[in-house]
Amino acid sequence: MYYQTHNIEKDIDKYGRIVAFVFLDDESEVNRHLIEGNFTSEYCYFSKGFYGYY
């Protein structure tokens, strides 16, 4: 199944890195899919547990 990105919200953190939330056309968040699929992990020091994985 293929999705198109619907919306991208991005910012620059204090270290000059791009921080982004990418939403698909079904309004789900790519970041959450990556964490739940074990393709990446949540770094709770910065996210403060935003995705619920400590």
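This section reports on the structure supplied with the text. Since this is a predicted model, take the numbers as computed values, not measurements.

Cut-offs applied
- Residues numbered from 1 in each chain as written.
- Predicted model: local features only at pLDDT ≥ 70, side-chain atom pairs only at ≥ 80, totals over all residues.
- Heavy atoms only, no water.
- Helix = DSSP H or I, 4+ residues; strand = E, 2+ residues; numbered from the N terminus.
- Buried < 20%, exposed > 50% of the residue type's maximum accessible area, 1.4 Å probe, protein only.
- Contact = heavy atoms within 4.5 Å.
- Salt bridge = Lys/Arg side-chain N within 4 Å of Asp/Glu carboxyl O.

Here we look at the overall build of the protein chain
(1) Moving on: Looking only at helices and strands, the protein chain has 2 helices and 2 strands in total.
(2) Moving on: Here the protein chain, with 54 residues, has 19% of them falling under the buried criterion.
(3) Moving on: In the protein chain, once contacts between residues fewer than 6 apart in sequence are set aside, the share between residues at least 24 apart is 6%.

Here's the deal with the pattern of salt bridges
(1) Moving on: Scanning all chains against the criterion turns up 1 salt bridge.
(2) Moving on: Here Asp13 and Arg17 are joined by a salt bridge, their closest N and O atoms 2.7 Å apart.
(3) Moving on: With relative accessibility at 43%, the residue Arg17 sits in the partly exposed group.

A few points about unusual backbone geometry
(1) Moving on: Positioned with a positive phi, Glu27 is a non-glycine residue whose angle comes to about 70 degrees.
(2) Moving on: In this fold, Glu27 is placed in the loop between strand E2 (18-24) and helix H1 (30-36).
(3) Moving on: Judged by relative accessible area, Glu27 falls into the exposed class, the value being 61%.
(4) Moving on: A positive phi angle is found at Asn38, which is not glycine, with a value near 60 degrees.

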